[in-house]
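What the coordinates show
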Amino acid sequence: MLIADDLDKLLEILPNFVKEPLKQHPNRKNLIEVVMDLGRRPEARFPDNPEYLSQRSISWQDLDYCVKKVGNFSGDNRAGIEKTLHRISSMRNREGSIIGLTCRVGRAVFGTISIVRDLLEQGDSILLLGKPGVGKTTAVREIARVLADELEKRVVIIDTSNEIAGDGDIPHPAIGRARRMQVARPDLQHQVMIEAVENHMPEVIIIDEIGTELEALAARTIAERGVQLVGTAHGNHLESLIKNPTLADLIGGIQYVTLGDDEAKRRGTQKSILERKASPAFQIAIEIHERNIWIVHDQVQETVDQILQGHQPFVQKRQIQANGRILVKCYPSQSLEVLPTNISNFAKPINVQQAHSVLQYREVKNKFPDLNKLRNRDTSVLSTTVNASININNPFLPLEIPNQYLYAYSLSWQHITSVISSLDLPIILTKEIEKSDAILALRNQVKQNTKLRQIAKSKQIVIYTIQNSTVPQITRALRKISNIHTSSDLNWVELCKNKKFDEIQALQEAKLAIEIIVLNENSTVQLRPRSAYIRKMQHNLVDNYQLRARSFGEEPYRKLRIYPE
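Owing to the predicted nature of the structure, the values given are computational and were not obtained by experimental measurement. The residue count restarts for each chain, going from 1 along the sequence in the order it is written. Side-chain atom pairs in this predicted model are given and counted only at pLDDT of 80 or more, local residue features only at pLDDT of at least 70, and totals for whole chains, interfaces and linings cover all residues. With hydrogens and water excluded, all non-hydrogen atoms of the structure serve as input to the side-chain values.

Successive side chains on a regular strand alternate, one facing one side of the sheet and the next facing the other. Under the scheme applied here, a residue whose accessible area is under 20% of the maximum for its type counts as buried, over 50% as exposed, and between as partly exposed, the area being computed with a 1.4 Å probe on protein chains only. Under the scheme used here, helices are H or I runs from DSSP no shorter than 4 residues and strands are E runs no shorter than 2 residues, and both carry numbers assigned from the N terminus. The buried count for strand 16 (residues 284-290) comes to 5 of 7 residues, which makes it a mostly enclosed element. In this structure, strand 9 (residues 126-130) lies alongside strand 16, joined through 4 bridges in parallel fashion. Paired with Leu129 across the bridge in strand 16 is Glu287. Paired strands, as defined in this entry, are two strands with at least two bridges between them according to DSSP. Where strand 16 and strand 17 (residues 293-297) come together, 5 bridges link them in antiparallel fashion.

Before going further, it helps to spend a moment on the sheet that holds strand 2 (residues 33-37). Ordered by their spatial adjacency, 6 strands build an open sheet running 4-3-2-7-6-5, and the pairing between neighbours is antiparallel. Each edge of the open sheet carries a strand with a single partner, namely strand 4 (50-52) and strand 5 (78-80). This sheet shows a mean twist of 20° between the axes of neighbouring strands, independent of strand direction. Residues are treated as being in contact if the distance between any of their heavy atoms lies within 4.5 Å. Axes here refer to lines fitted to C-alpha atoms; in helices the fit is confined to the stretch in contact. Angles between the N-to-C directions go from 0 to 180 degrees. Where helix 3 (residues 60-69) meets the sheet, its contacts fall on strand 2 and strand 7 (98-104), and the angle it forms with strand 7 comes to roughly 50°.

Two rings from Phe, Tyr or Trp (for Trp, the six-membered ring) form a pair when their centres sit within 6.5 Å of each other. Planes less than 30 degrees apart are called stacked, planes more than 60 degrees apart edge-to-face, and all others tilted. A full pass over the atoms with the stated rule returns 0 aromatic pairs. Distance and angle both matter: a charge sits over a ring if NZ of Lys or CZ of Arg is within 6 Å of the ring centre and within 35 degrees of the ring normal. Here the guanidinium or amino end of Arg41 rests over the ring plane of Tyr52, the centre of that ring lying 4.0 Å away. Directly above the aromatic system of Phe73 lies the positively charged group of Arg92, at a separation of 5.9 Å from the ring centroid.

Further remarks concern the pairing of strand 10 (residues 155-159). With 5 of 5 residues buried, strand 10 is to be regarded as a mostly interior element. Alternating positions in strand 10 separate into two faces, Val155, Ile157 and Asp159 on one and Val156 and Ile158 on the other, with burial throughout. Here strand 10 runs beside strand 12 (residues 204-207); their pairing, made up of 4 bridges, is parallel. What sits directly across from Val155, in strand 12, is Val204. Pairing analysis gives 4 bridges linking strand 10 to strand 11 (residues 179-182), with the strands arranged parallel.

Here we come to the environment of Leu541. If you trace the backbone, Leu541 turns up in helix 18 (residues 532-544). Overall, Leu541 belongs to the buried group, its relative accessible area being 1%. Counting along the chain gives 34 residues from Leu541 to Leu507, while the straight-line C-alpha distance between them is 7.5 Å.

Remark on secondary structure: sheet strands pair via backbone hydrogen bonds, oriented parallel or antiparallel. Across the sheet, 3 strands lie side by side as 24-26-25; this open sheet has antiparallel pairing. Looking along the sheet, the strands with just one partner apiece sit at the ends: strand 24 (525-526) and strand 25 (548-552). Relative to strand 26 (residues 559-563), strand 25 runs antiparallel, the two being bridged by 5 bridges. Bridge pairing in strand 26 places Ala549 opposite Ile562.

Further remarks concern unusual backbone geometry. Excluding glycine, a negative phi dihedral is what most residues carry, and trans is how most peptide bonds are arranged. Not every positive phi belongs to a glycine, and Asn77 is a case in point at roughly 60°. Mapping Asn77 onto the fold places it in the loop between helix 3 and strand 5. Positive phi, normally seen in glycine, also occurs at Met201, with a value near 50°. Summarising the element assignment, Met201 is placed in the loop between helix 6 (189-200) and strand 12.

It is worth spelling out the side chain of Gln316 at this point. Within the element layout of this structure, Gln316 appears in strand 18 (residues 314-320). The exposure class of Gln316 is buried, given its relative accessible area of 3%. Throughout this description, a polar contact denotes any pair of N or O atoms lying within 3.5 Å of each other; where both atoms belong to protein, one of them has to be capable of donating a hydrogen while the other can accept it, and for residues adjacent in sequence the pair is counted only when both atoms sit in side chains. Within the structure, the side chain of Gln316 is placed 2.9 Å from the side chain of Arg318, a separation counted as a polar contact.

Any region with low pLDDT has predicted coordinates that should not be read closely. What pLDDT conveys is the predictor's confidence in a given residue, as a value from 0 to 100. In the predicted model, the protein carries a mean pLDDT of 79, and the fraction of residues at 70 or more is 84%. Long-range and interchain partners of residues 484-488, a stretch whose pLDDT sits below 50, account for 14 contacts in this model, where long-range means more than four residues apart.

Turning to the nonpolar core, a few remarks are in order. Nonpolar core, defined: a set of buried Ala, Val, Leu, Ile, Met, Phe, Trp, Tyr and Cys residues in which side-chain atoms within 4.5 Å join the residues together. Within the largest apolar cluster, 34 residues are counted, with the highest numbers of intra-cluster contacts made by Ile158, Ile205 and Leu250. For this core, the secondary structure elements donating two or more residues are strand 9, strand 10, helix 6, strand 12, helix 7 (213-224), strand 13 (228-234), helix 8 (238-242) and helix 10 (300-308). Discounting residues that sit within four places of it in the chain, Ile158 has contacts with Met181, Val183, Gln189, Val192, Met193, Ala196, Ile205, Ile206, Ile207 and Asp208. Counting residues in each nonpolar core, the second largest holds 30 residues, with Val116, Val146, Ile157 and Val296 among its members.

A word on the pattern of salt bridges. Salt bridge, as used here, is a side-chain nitrogen of Lys or Arg placed within 4 Å of a carboxyl oxygen of Asp or Glu. Tallying each qualifying case throughout the model produces 24 salt bridges. Its salt-bridge partner being Glu198, residue Arg225 comes within 3.7 Å of it at the nearest N-O pair. Placement of Arg225 in the loop between helix 7 and strand 13 and of Glu198 in helix 6 is noted, with a sequence separation of 27 residues between them. The exposure class assigned to Glu198 is exposed, which follows from its relative accessible area of 52%.

Shown next, in the form of structure tokens:
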């Protein structure tokens, strides 16, 4: 990761008694900002803690010295240093005189957006959320460069405070080939956004700090014209954006809806509910909690609907590790409570033939499978039989599956290789389509490529398609290609070691539910009510199968619901 900060140019505008300590400071490369307030000691702020730079207090002359060395302050009390990314913000008294300065270090960090490179290639609009100082502007700057230089798109940046491309008429090299439009006054940002679309024919519009209702409305207008948007907004979580009436339009807007008696009864809700008003302007939302930890909502429309309905949305947590590898995890964003269901305690041993009487079903989106489908089944349904051999003495040992050759069309080899490596899948990537056993491609790419379909038909190669090139969709496709229907690392003997009878019973119930219903029927299944401790064990078992589950209800009737891939 390459970092360019031009720190010396920022230090040049500071008084000597502030500049010299910073030049000698051992942690100067991590400097965030320098604060100078009238009558107070100058302060340097670092990620860990602030430090005073001198025993001397800031005077009028010191502030005047700094102001004369920077450009003119705009309507939002911001100025910059030409050909740098630094930002100087002023605080004024009632008469308009400057009584304080915040000199913030601007850095161009190359390579920061590898964590979401796959999302950029999709072409969907992306909204970055995060508290001030977490690195949203740095990320947007690098996104602009990647879209313009590497993906070769026509990119226009709406740079209200000259913070993305720096001060002056010549933009900073950190934005690459992207073009920059400056804004005369902050309250005109929404007009410049529309002007950019109408006059300069961009494929991508980049906006930093969407903060007013007019700017949110302009963003929606741009999105409806088919232009990709990349923007930032202040807010720690997507839920905070829903509660913000000014910016809620970015994710579709919220409205109250009154249901009829029958509909409210069918849904099990009150008659007055909240619903999303329209399609969101941004299809993807990213919460930047730390510089190397990003939370991704890759389907904003579905996530907002789930939040409004009181459901538990699943999110991706992406983290850049010290070795440069990207770790991706999926987990529920928050806990959920629903009304309890009275079900008697389960206290009898179970087997495959009795599984239909053990598992409880309930409608979520589609009808759950008919209970009679589970009658008269034998143990053959517990494992896959295609291209695999099973240890008869211990059916819980991993399957031995031969390697398959996969041809990836218009997909990132890096992401596919990462999934194959993390799940230890028996798949080998090949660049020769004739040698492949399967083809993985985006659905819209396959529709447009007649030659690919003809080759696959002549060679009798199966084509697997996915809607988007996200890691979860690639993972599901690769597991389907590999015929992975059981957990590859489940050691049943070790799992049941030192467990009580009721705990083993609960684990066996969850295992049968997963292998009989979820994997083979591709249906959702709901288990018996269990204690929190036992539900946690069941959750761990579900994780072994790379599936997802949620807990529903209130104690002591809280239970686990397991979902298919």
